[in-house]
Each structure stands twice: as C-alpha cells, then as structure tokens.
Amino acid sequence: MGFGMMGGMLVFWIIIIVLAVLLVKGLFGTNGTHVKNNTTTAKQILDERYARGEITQEQYQTMVKDIH
C-alpha cells in the first residue's frame, strides 16, 4: 500500500465530503440573494396589475395607501 493508493483514497474522500457539503447547502441553505430575487413586493404586483388594466387608477391609489 504505497502513497499512490493512500493519495487516491484521500482524493476520493475529499470529493465525497465536498459533494455532501454542496448537497446539504443546496437543500437547506439559502443565501439572501436567492430569496430576494424570487420575491415580488406588493407594490410591484399593484404596478403590474395597473399596467395590465386590471384595476383603475382610483383602486390603484387606494391599494398603495393600504400597503404603506
């Protein structure tokens, strides 16, 4: 059992550990940027609804006041 076999096992275990960490981080971890990019504020939703013509200007203004 020379250094080649020991070195190969060391590399194998390092790869296994790195993959496990990445898997756990991907399943359970969130970094703030991921969450921020996927959330839409109430104001943005109102802006989109108003732009599509789903609500009137009066409704828009009332709803904006309600959320602030």
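Rules of the game
Residues numbered from 1 in each chain as written. Predicted model: local features only at pLDDT ≥ 70, side-chain atom pairs only at ≥ 80, totals over all residues. Heavy atoms only, no water. Axes fitted to C-alpha atoms, helices over the stretch in contact; angles between N-to-C directions. Helix = DSSP H or I, 4+ residues; strand = E, 2+ residues; numbered from the N terminus. Parallel < 35°, antiparallel > 145°, perpendicular 65-115°, else oblique. Contact = heavy atoms within 4.5 Å. Nonpolar A, V, L, I, M, F, W, Y, C, P; charged D, E, K, R; others polar. Phe/Tyr/Trp six-rings, centres within 6.5 Å; stacked < 30°, edge-to-face > 60°. Buried < 20%, exposed > 50% of the residue type's maximum accessible area, 1.4 Å probe, protein only.

## Digging into the packing of helix 3 (residues 42-52) against helix 4 (residues 57-67)
- Running from N to C, helix 3 and helix 4 point in directions that differ by 180 degrees, and their axes come no closer than 10 Å. One finds that helix 3 runs roughly antiparallel with respect to helix 4. Between helix 3, through Ala42, Lys43, Leu46, Asp47, Arg49 and Tyr50, and helix 4, the contact on the second element is made entirely by Gln57, Tyr60, Met63, Val64 and Ile67.
- Across the contact of helix 3 with helix 4, the residue classes tally to 7 nonpolar, 1 polar and 3 charged.

## Considerations on the packing of aromatic side chains
- Tallying each qualifying case throughout the model produces 2 aromatic pairs.
- On the basis of an interplanar angle of 75 degrees and a centroid distance of 5.2 Å, the ring pair of Phe12 and Trp13 is categorised as edge-to-face.
- Here Trp13 falls in the partly exposed class, since its relative accessible area comes to 46%.

As far as function goes, none of this settles anything; it's purely spatial.
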